[in-house]
Amino acid sequence: METKRLGTTEQDIAVAAELLRQGEVVGFPTETVYGLGANAWDAAAVDKIFAAKGRPADNPLIVHIAHKSDVEKLARTVPLGAKLCMDRFWPGPLTLVLPCVDSVPRNVTAGLDTVGIRMPDHVTALQLIDAAGAPLAAPSANRSGRPSPTLADHVLEDLNGRIAGIVDGGAAGVGVESTVLDFSGEVPMILRPGGVTREMLVELLGEVLVDPVLQSGVGTPKSPGVKYTHYAPKGEMWLVEGPRDQAEIAERVAKARQAGYRVGVLTTAERAELFTADVVIACGRRDDLSTVASGLYDAIRQFDHAGADLIYSEVFPETGVGLAVMNRLRKAASHRVIYA
Ligand code: TXA
Ligand code: MG
């Protein structure tokens, strides 16, 4: 099929909404990453998301709404903590996992009795949901296993010809996906760190757990999607941690290049000129981790374009949005860490 490229005018949004009403899937911008949307009430349309992405059927989708009150159409109950989160952080990069009403199609929830819901902080996304007249089930708009798209071009790189349309709203801002917060247990638990940080949630809710699997990479994560290889560049990525990281990276790069590998370094503006490699990418600034988050997936795609066989990356403090950045980096590196 031909993928219609659309902008963000009222007319273009009407075209995209019509495709969605007809049961097609359309890529659209949000404040985190681009989503691939379908009418959440239409199980056949939702199936097309899984087909286009090559997504495993046991990985549930997030449902995107344009009005806080729409939560009641999807969630059976809304605990007080979730209400507080909606008031404080919606619209914004926070997905709430809540008990699900029966009318939500089973492929949206992958058969779970909970549903992930969020209200994106992006005018175009909200206009599209309204114009479509239904909440939009939407995972990130990448082929399964690839880094999430932060530009419309990334979406087309992965899905051109496989989806009915793409609404180009420029670069997504946050750059990493929403925080997924599960309210099905006694204490709320972060299943995936993101733009709304653990510190912000603790301040509002008091106690907040973090799924222990995120740190160790060992065990079964509570969020099905978290177990899949994800975000990974085609080359083998290693994280280098410790006071000697710079020297260690330099030594390893030199050795690997001597052995004939094409080698990349993922660093930040502050240190970029200290490294010599086949491809050195300065991803944001170390003194502002939100800039690292917003550039991360594009950086990973750039290593692929440059044909890097091996990539060495700096690590970052796991505070604020740094927790999400390190979670994605650990996964991109399949938990390979060198201590220096
Ligand atoms: O920022 C985002 O969240 C983006 C934009 C498009 O909104 N969406 C996104 O969707 O990242 P996706 O499908 O790539 O990731 C959704 C994550 C997966 O890890 C999935 O397993 C988890 O949320 N999830 C969804 N519903 C869930 C549920 N009911 N229980 C546990 N985890 C759930
Ligand atoms: Mg995804």
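Residues numbered from 1 in each chain as written. Chains lettered and ligands numbered in written order. Predicted model: local features only at pLDDT ≥ 70, side-chain atom pairs only at ≥ 80, totals over all residues. Heavy atoms only, no water.

### Section: the UniProt feature "domain: YrdC-like" (unreviewed entry) in the chain
Link 1 in the chain: Look at the UniProt record and you will see "domain: YrdC-like" (unreviewed entry) annotated at residues 10-196.
Link 2 in the chain: From the first C-alpha to the last, residues 10-196 spans 30 Å; its make-up is 32% helix and 19% strand. (UniProt positions renumbered as here; feature names shortened; annotations may be inferred. Helix = DSSP H or I, 4+ residues; strand = E, 2+ residues; numbered from the N terminus.)

### Section: the confidence of the model for the chain
Reading fine detail from the predicted coordinates is not recommended where pLDDT is low.
Link 1 in the chain: On average, the chain scores 95 in pLDDT, and the residues at 70 or more come to 99%.
Link 2 in the chain: What the predictor reports for the complex is a pTM of 0.95 with an ipTM of 0.99. (pLDDT = per-residue confidence, 0-100.)

### Quick look at the site of ligand 1
Link 1 in the chain: Near ligand 1 you find 28 residues, and of these Thr-32, Asn-59, His-64, Ser-178 and Gly-225 are the closest.
Link 2 in the chain: Take Asn-59: an N or O atom from its side chain is 2.8 Å from an oxygen atom of ligand 1.
Link 3 in the chain: Between ligand 1 and the protein, one listed contact pairs a nitrogen atom with a side-chain N or O atom of Thr-114 at 3.0 Å.
Link 4 in the chain: Starting from 680 Å² of accessible surface for ligand 1 in isolation, the protein chains cover 98%.
Link 5 in the chain: Most atoms of ligand 1, that is more than half of them, are within 2 Å of grid points of the largest pocket.
Link 6 in the chain: Secondary-structure elements contributing two or more residues to the shell around ligand 1 are β4 (62-64), β6 (114-118) and β10 (189-192).
Link 7 in the chain: Broken down by element, the shell around ligand 1 gets its largest block of residues, four residues, from β6.
Link 8 in the chain: Among the residues forming the shell around ligand 1, the class breakdown is 14 nonpolar, ten polar and four charged. (Near = heavy atom within 4 Å. Polar contact = N/O pair within 3.5 Å; in protein donor to acceptor, adjacent residues only side chain to side chain. Areas by Shrake-Rupley, 256 points an atom, 1.4 Å probe, with all protein chains shown as cover. 1 Å grid on protein atoms, 1.4 Å probe; cavity = no way out; pocket = protein on both sides within 12 Å on 5 of 7 lines; lining within 4 Å. Sits in = over half its atoms within 2 Å of the grid points. Nonpolar A, V, L, I, M, F, W, Y, C, P; charged D, E, K, R; others polar.)

### Description of the pattern of salt bridges
Link 1 in the chain: Per the stated rule, a full pass over the model turns up 21 salt bridges.
Link 2 in the chain: A salt bridge links Glu-177 to Arg-328, with the shortest nitrogen-to-oxygen separation between them at 2.9 Å. Here Arg-328 lies in helix α12 (residues 322-332) and Glu-177 lies in the loop between β8 (165-167) and β9 (179-182), a separation of 151 residues in the sequence. The pair Glu-177 / Arg-328 is uniform in exposure class, with both members buried.
Link 3 in the chain: One salt bridge in this structure joins Asp-245 and Arg-271, with 2.7 Å as the shortest N-O distance. With Asp-245 in helix α10 (residues 245-258) and Arg-271 in the loop between β13 (263-267) and β14 (279-282), this pair connects stretches of sequence that are 26 residues apart. For the residue pair Asp-245 and Arg-271, the accessibility class agrees, reading buried in each case.
Link 4 in the chain: Linked by salt bridges that have partners in common, Arg-146, Glu-157, Asp-158, Arg-301 and Asp-304 make up one network. (Salt bridge = Lys/Arg side-chain N within 4 Å of Asp/Glu carboxyl O. Buried < 20%, exposed > 50% of the residue type's maximum accessible area, 1.4 Å probe, protein only.)

### Structural notes on the UniProt feature "binding site: ATP" (unreviewed entry) in the chain
Link 1 in the chain: Within this structure's numbering, the places UniProt gives as "binding site: ATP" (unreviewed entry) are Arg-55, Asn-59, Thr-114, Arg-118, Ser-140, Ser-148, Arg-192 and Tyr-231. For this annotated set, covering 177 residues, the C-alpha atoms extend up to 25.1 Å from each other, a dispersed arrangement in space. Cross-referencing the annotated residues with the largest pocket identifies Arg-55, Asn-59, Thr-114, Arg-118, Ser-140, Ser-148, Arg-192 and Tyr-231 as lining it.
Link 2 in the chain: Since its relative accessible area comes to 0%, Ser-148 is described here as buried.
Link 3 in the chain: If we skip the residues at most four places from it in the chain, Ser-148 touches Val-33, Ser-140, Asn-142, Glu-177, Tyr-231, Tyr-297 and Arg-301. (Contact = heavy atoms within 4.5 Å.)

### Brief notes about the packing of aromatic side chains
Link 1 in the chain: Within the structure shown, the criterion is met by zero aromatic pairs.
Link 2 in the chain: Stacked on the ring of Trp-238, the Lys or Arg Arg-336 has its end atom at 5.7 Å from the ring centre. (Phe/Tyr/Trp six-rings, centres within 6.5 Å; stacked < 30°, edge-to-face > 60°. Lys NZ or Arg CZ within 6 Å of the ring centre and 35° of its normal.)

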